[in-house]
Amino acid sequence: MTRIIAVISGKGGVGKTTSVSNIGAALTDFGRKIILVDGNITTPNLNIHLGLSKTKYSLHDVLRGKIPIKQALYLHESGIRVLPSGMSFSELKKKFKKSLRDEIIDLVGEADIILIDSPAGLDNNAESAIAAATEVLIVVNPNLPSVTDALKASLLAKEYGIRVIGFIITRYEGTEEELSIENIREFLGMDLIGVIPESRFIKKSLREHEPVVFKYPDCEASIQYKRVAANIIGEKYERYKEKKSVFKRILNWFKS
Ligand SMILES: Nc1ncnc2c1ncn2[C@@H]1O[C@H](COP(=O)(O)OP(=O)(O)OP(=O)(O)O)[C@@H](O)[C@H]1O
Ligand SMILES: [Mg+2]
């Protein structure tokens with residue numbers, strides 16, 4: 001059964017899109033069929049993280065009822081399938097007839113895991129991403145505003161009856177100015193799925209429009225994203241076993 005996981009945070013800029021692209025990349029390396037959905041309707045940037053240039057169709061076309069959702073999927077050169085969101089400013093004010101929640105059902109069976117990159121905040125757009133999911137993964141930075149907003153986001157997910165897988169801490173430096181991992185865990189009262197360090201390789205890989213897991217697979221941030229991915233699918237991450245070629249990633253789609 002396809003799992004639909006929304007990656008949410010409450011607070012903006014904490015690393016959701018970075019996490020979606022890298023968890024997706026790691027899961028692809030583990031042989032899973034992955035679809036990444038850019039559920040960030042107003043300020044999408046999954047395309048930028050993945051280096052996906054302007055696409056013919058986007059989620060906006062799907063929500064406006066112009067095309068079926070499958071037609072808006074792109075096979076990224078890495079072997080990940082992506083449903084981009086419309087990048088153009090002129091599209092922002094147009095109203096949608098359809099909801100992601102109803103449309104995403106047509107992708108069930110098409111992938112092992114669908115990851116939805118959610119917008120920041122807890123308004124209607126964030127709610128639509130949460131409502132379309134069957135599970136949520138929460139992203140926090142080690143500071144109080146991020147953690148309090150994350151708690152609200154988790155409560156919103158619970159209102160929808162959606163399972164909270166747990167949380168990941170990103171941009172972690174371990175300095176005394178930060179909240180400790182233990183304090184965050186206590187505050188949120190949910191499972192810790194992984195800790196991603198502050199990493200210059202993540203910044204570099206964004207500039208190079210490629211997930212760090214593909215571009216710098218052996219840096220600490222990549223290893224931690226692979227651990228998170230393994231944790232999500234209930235597997236043990238074993239370093240050096242998972243290296244795959246682009247060819248093998250694409251082959252995932254031809255396996256039953
Ligand atoms: N572990 C990390 N180390 C260093 N920089 C990071 C890390 N994670 C994310 N960043 C940087 O932080 C910035 C915000 O990341 P990202 O776009 O993933 O956040 P977001 O939560 O998706 O933001 P938004 O809420 O605006 O959608 C980016 O410049 C990204 O490169
Ligand atoms: Mg984002």
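Scroll up to find the structure.
Let me sum up the structure you'll find in this document. (Residues numbered from 1 in each chain as written. Chains lettered and ligands numbered in written order. Predicted model: local features only at pLDDT ≥ 70, side-chain atom pairs only at ≥ 80, totals over all residues.)

Description of the packing of helix H6 (residues 144–159) against helix H7 (residues 181–188)
One can describe the packing of H6 onto H7 by two numbers: an axis separation of 10 Å at closest approach and a directional angle of 30°. The angle between H6 and H7 places the two elements in the roughly parallel class. Pair H6 / H7 crosses with right-handed handedness. Where H6 approaches H7, its residues Val147, Ala150 and Leu151 are matched on the opposing element by Ile184, Phe187 and Leu188. Considered class by class, the residues forming the contact of H6 with H7 number six nonpolar, no polar and no charged. (Axes fitted to C-alpha atoms, helices over the stretch in contact; angles between N-to-C directions. Helix = DSSP H or I, 4+ residues; strand = E, 2+ residues; numbered from the N terminus. Parallel < 35°, antiparallel > 145°, perpendicular 65-115°, else oblique. Left-handed = near helix turned anticlockwise from the far one by under 90°. Contact = placed C-beta atoms within 7 Å. Nonpolar A, V, L, I, M, F, W, Y, C, P; charged D, E, K, R; others polar.)

A few points about the site of ligand 1
If you check the shell around ligand 1, you find 19 residues, and the closest are Gly12, Lys16, Thr17, Thr18 and Ala120. If you list the elements that add at least two residues to the shell around ligand 1, you get helix H1 (16–29), strand S7 (163–172) and helix H8 (200–207). Split into classes, the residues belonging to the shell around ligand 1 amount to six nonpolar, nine polar and four charged. (Near = placed C-beta within 6 Å.)

Focus: the pairing of strand S8 (residues 192–197)
Pairing analysis gives four bridges linking S7 to S8, with the strands arranged parallel. By the bridge assignment, tyrosine 172 is partnered in S8 with proline 197. Note that the unit made of S7, H7 and S8 has a crossover that is right-handed. (Pairing = 2+ DSSP bridges. Right-handed = clockwise from strand over helix to strand, strands pointing away.)

Shape is all these values report; function is a separate question.
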